[in-house]
Amino acid sequence: DAGVTQSPTHLIKTRGQHVTLRCSPISGHKSVSWYQQVLGQGPQFIFQYYEKEERGRGNFPDRFSARQFPNYSSELNVNALLLGDSALYLCASSLWWGETQYFGPGTRLLVL
Amino acid sequence: SQQGEEDPQALSIQEGENATMNCSYKTSINNLQWYRQNSGRGLVHLILIRSNEREKHSGRLRVTLDTSKKSSSLLITASRAADTASYFCATAITNFGNEKLTFGTGTRLTIIP
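Residues numbered from 1 in each chain as written. Chains lettered and ligands numbered in written order. Predicted model: local features only at pLDDT ≥ 70, side-chain atom pairs only at ≥ 80, totals over all residues. Heavy atoms only, no water.

1. Structural notes on the confidence of the model for chain B
Point 1. Summary statistics for chain B give a mean pLDDT of 91 and a share of 95% for residues scoring 70 or more.
Point 2. Per-element mean pLDDT across chain B ranges from 83 in strand 10 (residues 98-103) of chain B up to 98 in strand 7 (residues 61-66) of chain B. (pLDDT = per-residue confidence, 0-100. Helix = DSSP H or I, 4+ residues; strand = E, 2+ residues; numbered from the N terminus.)

2. So, the interface of chain A and chain B
Interfaces are often sized by the accessible area lost when the parts come together.
Point 1. Of the residues lining the interface, 23 residues belong to chain A; the matching set on chain B comes to 24 residues.
Point 2. Approximately 1,900 Å² of surface area, both sides summed, lies buried where chain A meets chain B, with 48% of it carried by carbon and sulfur atoms.
Point 3. In terms of surface lost to chain B, no three residues of chain A exceed Trp97, Gln101 and Phe103 of chain A, which account for 24% of the buried area on that side.
Point 4. Run the count over chain A and chain B and you get one salt bridge.
Point 5. Taking the shortest distance from any N to any O, the salt bridge between Glu99 of chain A and Arg50 of chain B comes out at 3.2 Å.
Point 6. Linking chain A with chain B are three residue pairs in polar contact (both at pLDDT 80 or more), by the criterion used here.
Point 7. When residues of the side of chain A that touches chain B are traced back to their parent elements, those giving at least two are strand 4 (31-37), strand 5 (44-50), strand 6 (53-57) and strand 9 (87-94) of chain A.
Point 8. In terms of residue count, strand 5 of chain A provides more of the side of chain A that touches chain B than any other element does, four residues in total.
Point 9. Split by residue class, the side of chain A that touches chain B holds nine nonpolar, eleven polar and three charged. (Contact = heavy atoms within 4.5 Å. Buried area = accessible area lost by both parts, 1.4 Å probe. Salt bridge = Lys/Arg side-chain N within 4 Å of Asp/Glu carboxyl O. Polar contact = N/O pair within 3.5 Å; in protein donor to acceptor, adjacent residues only side chain to side chain. Nonpolar A, V, L, I, M, F, W, Y, C, P; charged D, E, K, R; others polar.)

3. Observations regarding the state of the cysteines
Point 1. Under the definition given, this model contains two disulfides over all chains.
Point 2. Put simply, Cys23 of chain A and Cys91 of chain A are joined by a disulfide, and their sulfur atoms are 1.8 Å apart. Judged by the torsion about the S-S bond (-60°), the Cys23 of chain A/Cys91 of chain A disulfide is left-handed. One end of the pair, Cys23 of chain A, is in strand 3 (residues 19-24); the other, Cys91 of chain A, is in strand 9, and 68 residues separate them in sequence.
Point 3. The partner cysteine of Cys23 of chain B in its disulfide is Cys89 of chain B, sulfur to sulfur 2.0 Å. On the S-S bond that ties Cys23 of chain B to Cys89 of chain B, the torsion sits near 65°, and the link is right-handed. Residue Cys23 of chain B is found in strand 3 (residues 19-24), and its partner Cys89 of chain B is found in strand 9 (residues 85-95); the two are separated by 66 residues along the sequence. (Disulfide = S-S within 2.5 Å.)

4. Some words on a nonpolar patch on the surface
Residue and element names in this part refer to chain A.
Point 1. Together, Ile12, Leu110 and Leu112 line one region of the surface with nonpolar side chains, adding up to about 300 Å² of accessible area.
Point 2. Here Ile12 is to be found in strand 2 (residues 10-13).
Point 3. Residue classification places Ile12 among the exposed positions, given a relative accessible area of 58%. (Patch = residues over 30% accessible without salt bridge, like charges linked within 9 Å, V, L, I, M, F, W, Y side chains within 5 Å. Areas by Shrake-Rupley, 256 points an atom, 1.4 Å probe, with all protein chains shown as cover. Buried < 20%, exposed > 50% of the residue type's maximum accessible area, 1.4 Å probe, protein only.)

5. Focus: the sheet that holds strand 7 (residues 64-68) of chain A
All names here are of chain A.
Point 1. Here four strands make up an open sheet; going across it, the order is 1-3-8-7 and the pairing antiparallel. What marks the edges here is a single partner per strand, and that holds for strand 1 (5-7) and strand 7. Mean inter-strand twist for the sheet, computed between neighbouring axes without regard to direction, equals 15°.
Point 2. With three bridges joining them, strand 1 and strand 3 adopt antiparallel strand pairing. Paired with Gln6 across the two strands is Cys23, which belongs to strand 3. (Pairing = 2+ DSSP bridges. Axes fitted to C-alpha atoms, helices over the stretch in contact; angles between N-to-C directions.)

Shown next, in the form of structure tokens:
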């Protein structure tokens, strides 16, 4: 079975631009979460979606938004990029809340 | 903010020795999960232990959970060079479909061949 997939793998943007990151969960998984990992730190929770509804939001500005589609794939959007948004963005899926979260390989975003 | 704090921050041992990492957290949890990360790549799930469990095993891994002390430990026995990685604990707080994993700062484990 395919694991969680994310695209693109790497991305370079300039300040003020917009970025869209994509995630496909493991087949059958209905919960998708997004995390930001800055170099040298643990991942920080951004959003969780379950059955296409936002179920949780971390302490991130409104420049960050996400959505989940009917096939349970998800997009993370970040507007007005700042240098501090440079990080590894991780997507994780699980069957439902309270179960193991399986992570994708991440998208490495560099903002110049 | 980081709920979990791993200890030590870095650990170097000889191949074949056992490695123990500890995690402390602050609030009540539903479960605690341990992950491994190689060189800034994606996280690999190791073990999930629920709040009503005290110990779990998976191959060379042993995880304990003490909810009274709000702490957990991960033991890797008979370490191998391939175990070199960063290890994170993550606490899960689940509430009516809302789940948030809060990660610690990680332990960087180096296995010396």
